[in-house]
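As a plain string of letters, each chain reads:
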Amino acid sequence: MKKNFKPWLYFLGVPLFVMVYSCNNTKDTKKVITDSATNVSTPVFVVQKENLQGNLKLPGELIAYQEVNIYAKVNSFVKDVLVDVGSQVRQGQLLATTEAPEINAQLSAAESKLKSLEATYIASDAAYKRLLNTSKTPGTISPNDLDLALAKQKSDFAQWQAAKAAYKEILDTKKYLTIQAPFSGMITLRNVNPGAYVGPSGKGQDVPMFVLQQRDRLRLVVLIPEQYSRYLTPESKIHFKVKAYPDVDFTASINRMAGALDSKLRAQRIEMDVYNTDKRLLPGMIAEVNIPLFTKEPHLVVPKSAVLYSTLGTFVLALHNNKVNWVPIQRGNEDSTRVEIFGNILPGDTLVQTVNEEIRDGSTLQHLIFNSKNKQ
């Protein structure tokens, strides 16, 4: 029995030895790969201050330089409509006429009253002057009668002047029955026809009779986020494109800056005047605006690859004694490859050039390659 047992033991032991050796050999291979991964060199650079000129692309809206909703001044009925949508009108041109019979009646009554009070004043004035001449003979006219005549003359004069003002008021109101263009432009909306009842907004009419826009000169309106407002320069040249003419590069200058932030959008409104003599551009078009941003003084500038965006915030990875520190920063001006940063970073600090979240905060980097371009 012992002689038969040893061969079986031999054949059973050889496979077990091979299996154990294979397992040990696999563990040694993984260890070598892990060690070699930790020896990868990390590019770093020394951060310095620079002046950076960047560009900001934002959507903008073209609006009419002047736009007005035209309502009737008084409650009335439309008599004639002389323009339509698309009509080019001049300042002071007649757009429509309306009629209100009660105004004519009021004007006639005011005119009659004016003439009556004028006659009354003429009579009282003549009476006072006769008494005044007679009073020059002593004892003929008592001083009291003369004072009463003067008071009546002044009262009649005041009533006459009041009647003049009332008559002029009604006459001016009648002028509002003719609707005229307040400036030159194009009629872009018409909401009335002859016979329609019109009046001031909310008092006879909810929509305007006409909408008039000035189109030979437009405003390009852009809202600049708060973080970029420091880089704006008045009279800066900007370029923009619209979808209707994708092959045309339009230019304009910054003419007006709000000087305050919108309370809801936290952005500053800027306006550019766009001269549109050929009428190609239309109010309401959306433009893609390229705004130059000028840095007035140098700030810390890093490659965009050195900025880490994570769920915790925005960071750069600074090195102190080869140990990584995630430093929170805020971004400023930028160009195609670089960006300004603001935070607890000083000129001369060493930063990781290409970052990712695998380089953990507090980890140690041994093999560093300094970028010669950024190294002092």
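Our subject is the structure listed above.
Residues numbered from 1 in each chain as written. Predicted model: local features only at pLDDT ≥ 70, side-chain atom pairs only at ≥ 80, totals over all residues. Heavy atoms only, no water.

**Q** Which parts of the structure should I look at to understand the overall build of the protein?
**A** In terms of helices and strands, the protein carries three helices and 23 strands. Per-residue burial for the protein yields a buried fraction of 35% across its 376 residues. A separation threshold of at least 6 residues defines the contact pool for the protein, and within that pool the share at least 24 residues apart is 75%. When the accessible surface of the protein is totalled, it reaches about 23,300 Å², and 55% of it is carbon and sulfur. (Helix = DSSP H or I, 4+ residues; strand = E, 2+ residues; numbered from the N terminus. Buried < 20%, exposed > 50% of the residue type's maximum accessible area, 1.4 Å probe, protein only. Contact = heavy atoms within 4.5 Å. Areas by Shrake-Rupley, 256 points an atom, 1.4 Å probe, with all protein chains shown as cover.)

**Q** For this particular structure, what's the right way to read the packing of aromatic side chains?
**A** The geometry of an aromatic ring pair is captured by two quantities: the separation of the ring centres and the angle between the planes. Taken as a whole and judged by the stated rule, the model has seven aromatic pairs. With centroids separated by 5.4 Å and ring planes inclined at 15°, the aromatic side chains of Y121 and W160 adopt a geometry described as stacked. Here Y121 is found in helix α2 (residues 101-134), whereas its partner W160 is found in helix α3 (residues 143-175), with 39 residues between them in sequence. For Y121, a relative accessible area of 16% puts it in the buried group. Given the relative accessible area of 13%, W160 is considered buried. (Phe/Tyr/Trp six-rings, centres within 6.5 Å; stacked < 30°, edge-to-face > 60°.)

**Q** What's the story with the sheet that holds strand β9 (residues 185-190) in this structure? I'm lost.
**A** Pairing between the strands of a sheet comes from backbone hydrogen bonds, and it takes one of two forms, parallel or antiparallel. What the four strands build is an open sheet, ordered β4-β11-β9-β6; its pairing is antiparallel. Each of the sheet's edge strands pairs with one partner strand only, and the pair in question is β4 (67-70) and β6 (88-89). Judged from the two bridges that link them, β6 and β9 form a sheet pairing that is antiparallel. Directly across from V89, in β9, lies its bridge partner G185. (Pairing = 2+ DSSP bridges.)

**Q** I'm lost on the pairing of β9 in this one. Help?
**A** Along a regular strand, successive side chains alternate from one face of the sheet to the other. Bridging between β9 and strand β11 (residues 210-213) involves four bridges; their strand directions are antiparallel. Among the inter-strand pairings, L189 is bridged to a residue of β11, identified as V211.

**Q** Would you take a moment to explain the side chain of Q268 for this structure?
**A** Following the sequence through the fold, Q268 ends up in strand β15 (residues 267-275). Assessed through its relative accessible area of 7%, Q268 is described here as buried. Here the side chain of Q268 touches G259 through a polar contact of 2.9 Å, landing on its backbone nitrogen. Ignoring anything within four residues of it in the chain, the contact list for Q268 reads V222, L223, I224, S229, L232, M257, A258, G259, A260 and L261. (Polar contact = N/O pair within 3.5 Å; in protein donor to acceptor, adjacent residues only side chain to side chain.)

**Q** Please clarify how the environment of V78 should be interpreted in this entry.
**A** Structurally, the position occupied by V78 is in strand β5 (residues 76-81). Judged by relative accessible area, V78 falls into the buried class, the value being 4%. For the pair formed by V78 and A96, sequence separation is 18 residues and the distance between their alpha carbons is 7.4 Å. Apart from residues no more than four positions distant in its own chain, V78 is found in contact with T97, T98, V192, N193, P194, G195, A196, V198 and M209.

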